[in-house]
Amino acid sequence: MKVDSITKLLIDKLGEKSVLTGTNLIQKYDHIWRMNEPTKTPLIVFPKTTKDVSEIMKICNNLSQKVVIHGGLTNLVGGTKTSSDTIVISLEKMNKIEEFDEKSKTITVQSGVILEDIINKASEKKLLLPLNFGAKGSAQIGGVVSTNAGGLRVFKYGMTRHMVLGIEAVMPDGTIISSLKKVIKDNSGYDLKQFFIGSEGTLGIITKIILKLVVSPSTRYSAIVGINKYENVVNLLKLLENDIGKILSGFELIWNSTYRTMINALETINPPLSDDFKYYVFIEVLGNETENDKILLQKSIENAINLDLILDGSIAENERELNNLWQIREDVGILDYDSKFAQHFDISIPIPKIGSLVDKIVAKLNTLEYVDKIYPFGHVADGNIHFIVGKNKNSVEIIDEINKVVYSPLKELNGSISAEHGIGLDKKKYLNMTRSDDEINLMRKIKKLFDPKLILNPGRII
Ligand SMILES: Cc1cc2nc3c(=O)[nH]c(=O)nc-3n(C[C@H](O)[C@H](O)[C@H](O)COP(=O)(O)OP(=O)(O)OC[C@H]3O[C@@H](n4cnc5c(N)ncnc54)[C@H](O)[C@@H]3O)c2cc1C
């Protein structure tokens, strides 16, 4: 009944074309990897402007209607799951690049613009938005900012938070908070935009963003190397930081099981290395000296070979090889597809401890008879490792048991159960394993202040 009256109110305000209900929703879904599972929401509304979003939230707030925000639907924590009592606001029609200011090196975008479109736009003027991860072709910048996404270049350029200069957001009661400044320095009171960055749509709907760009490097070279001892992964990172620290922009690690599955699935790619190393490190340099940067990378890898840190290595010789190489690291949808009842993990711990911790977790998971796939990979230079765990059966108890195997050692190591993917619905139960009760209570108070009726992205995080 409530949905019928909301539908009517929304159509009156935004027009019939802005609202989808009933059988028209049959091809809509809640996650990009689950397109065969139709969304459970009875209504999706597609605003085109910030004012539209504000009007929608005023209506929902008046009727205490719960709302879930849909961006590019690539999150890995159940953040965009729906139910029959939630309606969806989809930002996909708010996809305008509003201003590209070359002089101040900023770009102003609506929140539904696809991340890769921003990267491509910036590159037209030799500028770079240094965000890079496997979902960049589908993730929307609003989703990226609201999850404070990380990715493959964090240790050089920082998380999304470091690239955001200004934000406009709509509060759960429809109030528009606009802080669209192009300045880096602004200590005039609380930095309110930080509330919306990384809070997974629990405090407001981001509608517009001003992003800071950097001058594009003109060279990009990459290599993959094979290593058998984890301590040599750490030693290699140190050596590269010493040798080529200024241009080093990526240092990614995958384990043998992950490499084998990726190579088998990517049939068209010639495997750059044999499949018998325990670890594979992907190295990226971004610089401005065409010949020299490549020589520097080559020399550094030769140094590492002479010091017995690495056993074999291969440098991508052209654009095609470079793209093929990164596909092995980035196309993690393949691992999800290969893992039945997949569980995703995104933990962070101090870098030197990663090797032994992953060994321990893998050994423990292997003792569980229903676990049949374990794929570790990650952004090791930031202390951030992902796992995808596949199983031959599933239940709430099984999910919980696996979660506890992965999360239990983290508190003692001062780590985090979520380095970059967030908490969403799926990890909420485990938040107290690496955040204190006082921290969680403060989060609850902040949520209540922004959203007294608890209608926006309900149940996420806390
Ligand atoms: C192949 C693959 C690789 C990935 N690699 C990485 C990685 O390396 N690093 C990383 O950090 N993440 C990674 N992710 C996770 C995911 O891509 C990011 O979390 C991304 O930022 C989500 O953007 P989205 O537009 O898809 O958001 P969605 O999935 O649509 O939404 C994410 C959350 O934000 C909320 N939300 C969406 N839009 C808005 C808005 N405008 N205002 C307020 N709240 C909003 C949603 O309600 C939800 O809670 C990966 C995912 C995939 C599938």
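Parameters and conventions
Residues numbered from 1 in each chain as written. Predicted model: local features only at pLDDT ≥ 70, side-chain atom pairs only at ≥ 80, totals over all residues. Helix = DSSP H or I, 4+ residues; strand = E, 2+ residues; numbered from the N terminus. Expected span 1.5 Å × (residues − 1). Contact = placed C-beta atoms within 7 Å. Near = placed C-beta within 6 Å. Nonpolar A, V, L, I, M, F, W, Y, C, P; charged D, E, K, R; others polar. Buried ≥ 20, exposed ≤ 12 C-beta atoms within 10 Å, placed from the backbone. Pairing = 2+ DSSP bridges. Domains from an automatic or database assignment. Core = buried A, V, L, I, M, F, W, Y, C linked by C-beta atoms within 7 Å. Axes fitted to C-alpha atoms, helices over the stretch in contact; angles between N-to-C directions. Parallel < 35°, antiparallel > 145°, perpendicular 65-115°, else oblique. Left-handed = near helix turned anticlockwise from the far one by under 90°.

**With respect to helix α9 (residues 290-306)**
Working step 1: Between its first and last C-alpha, α9 extends 25 Å over 17 residues, near the 24 Å set by a 1.5 Å rise per residue.
Working step 2: Where α9 is buried, its residues touch β12 (219-227), α7 (230-244), β14 (279-287) and β15 (312-315).
Working step 3: With its phi angle positive at about 60 degrees, Asp308 sits one or two positions after the end of α9.

**Focus: the site of the ligand**
Working step 1: Of all residues adjacent to the ligand, which total 37 residues, the nearest are Gly71, Gly79, Gly142, Gly143 and Gly201.
Working step 2: Every element with two or more residues in the shell around the ligand is listed here: β3 (66-70), α4 (141-146) and β10 (205-212).
Working step 3: Per-element tally for the shell around the ligand: the top contributor is α4, with four residues.
Working step 4: A class-by-class count of the residues in the shell around the ligand yields 13 nonpolar, 21 polar and three charged.

**Focus on the pairing of β12**
In the case of a regular strand, side chains alternate between the two sheet surfaces.
Working step 1: Within β12, seven of the nine residues are buried, which leaves it mostly tucked inside the rest of the structure.
Working step 2: Looking at chain direction, β12 and β14 are connected through nine bridges and run antiparallel. Residue pairing across strands places Arg220 opposite Leu286, the latter belonging to β14.
Working step 3: By the bridge criterion, four bridges tie β12 to β15 in an arrangement that is antiparallel. Pairing of Val225 across the sheet is with Gly313, part of β15.

**Describing the domain arrangement of the protein chain**
Working step 1: Each domain of the protein chain was delimited in the assignment, giving domain 1 (2-93), domain 2 (97-215), domain 3 (219-330) and domain 4 (333-448).
Working step 2: Computed from C-alpha coordinates alone, the two centres of domain 1 and domain 4 are separated by 30 Å.
Working step 3: If you look at the interface, domain 1 gives seven residues, while domain 4 gives ten residues.
Working step 4: Partitioned by chemical class, the residues of the side of domain 1 that touches domain 4 number three nonpolar, three polar and one charged.

**Here we look at the pairing of strand β9 (residues 176-179)**
Working step 1: Relative to β9, strand β8 (residues 164-170) runs antiparallel, the two sharing four bridges. Within β9, the position partnered with Ile167 by the bridge is Ser179.
Working step 2: The turn linking β8 back onto β9 is made up of five residues, and Gly174 within it adopts a positive phi angle of 100 degrees.

**So, the nonpolar core**
Working step 1: By size, the foremost hydrophobic cluster in this structure holds 58 residues, and its most contacted members are Val233, Leu236 and Val281.
Working step 2: If you tally residues by element for this core, the top one is β14, at seven residues.
Working step 3: Here this core gathers at least three residues from each of two domains, domain 3 (219-330) and domain 4 (333-448).
Working step 4: With sequence-adjacent residues up to four places away left out, Val233 is seen in contact with Ile227, Leu253, Tyr279, Val281, Gly355 and Val380.
Working step 5: Core analysis: the next-biggest nonpolar cluster, separate from the first, contains 51 residues, Val19, Cys60, Ile107 and Ile197 among them.

**Observations regarding the environment of Val389**
Working step 1: Among the secondary structure elements, Val389 is positioned in strand β18 (residues 384-391).
Working step 2: It is 9.9 Å that separates the C-alpha atoms of Val389 and Asp338, two residues lying 51 residues apart in sequence.
Working step 3: Among residues more than four places away in sequence, those in contact with Val389 are Ser339, Gln343, Leu365, Val371, Lys373, Ile374 and Ile402.

**Quick word on the sheet that holds β8**
Working step 1: A sheet is described by the order of its strands in space; here five strands give the open sequence β5-β6-β10-β8-β9, paired in antiparallel fashion. Of all the strands in the sheet, just β5 (97-101) and β9 have a single pairing partner and so form its edges. Strand-to-strand twist across the sheet, computed as the mean angle between neighbouring axes with direction ignored, equals 10 degrees.
Working step 2: Relative to the sheet, helix α2 (residues 50-62) contacts β8, β9 and β10, its axis offset from that of β8 by approximately 40 degrees.

**Some thoughts on the packing of helix α12 (residues 354-366) against helix α13 (residues 396-407)**
Working step 1: Two numbers describe how α12 lies on α13: the axes approach to 9 Å, and their chain directions differ by 155 degrees. In this view, α12 runs roughly antiparallel relative to α13, as classed from their interaxial angle. Once α12 is placed against α13, the crossing between them reads as right-handed. Seen from α12, the contacting residues are Ile361, Lys364 and Leu365; seen from α13, they are Ile402, Val405 and Val406.
Working step 2: A per-class count over the contact of α12 with α13 returns five nonpolar, no polar and one charged.

**Focus on the environment of Trp326**
Working step 1: You can see Trp326 is positioned in helix α10 (residues 319-330).
Working step 2: By C-beta crowding, Trp326 is classed as buried, having 21 other C-beta atoms within 10 Å.
Working step 3: For Trp326 and Thr207, which are 119 residues apart along the polypeptide, the C-alpha to C-alpha distance reads 32 Å.

**Quick word on the environment of Ile176**
Working step 1: Summarising the element assignment, Ile176 is placed in strand β9.
Working step 2: Considering only alpha carbons, one finds Ile176 and Val53, 123 residues apart in sequence, at a separation of 9.1 Å.
Working step 3: Leave out the neighbours within four places in its chain, and Ile176 touches Thr50, Ser54, Glu168 and Val170.

**Describing unusual backbone geometry**
Working step 1: The backbone phi angle of Asn148 is positive, close to 45 degrees, even though this residue is not glycine.
Working step 2: Locating Asn148 in the fold gives a position in the loop between α4 and α5 (154-157).
Working step 3: In this structure, Asn414 takes a positive phi of about 55 degrees despite not being glycine.
Working step 4: Tracing the backbone through its elements, the reader meets Asn414 in the loop between α13 and α14 (437-450).

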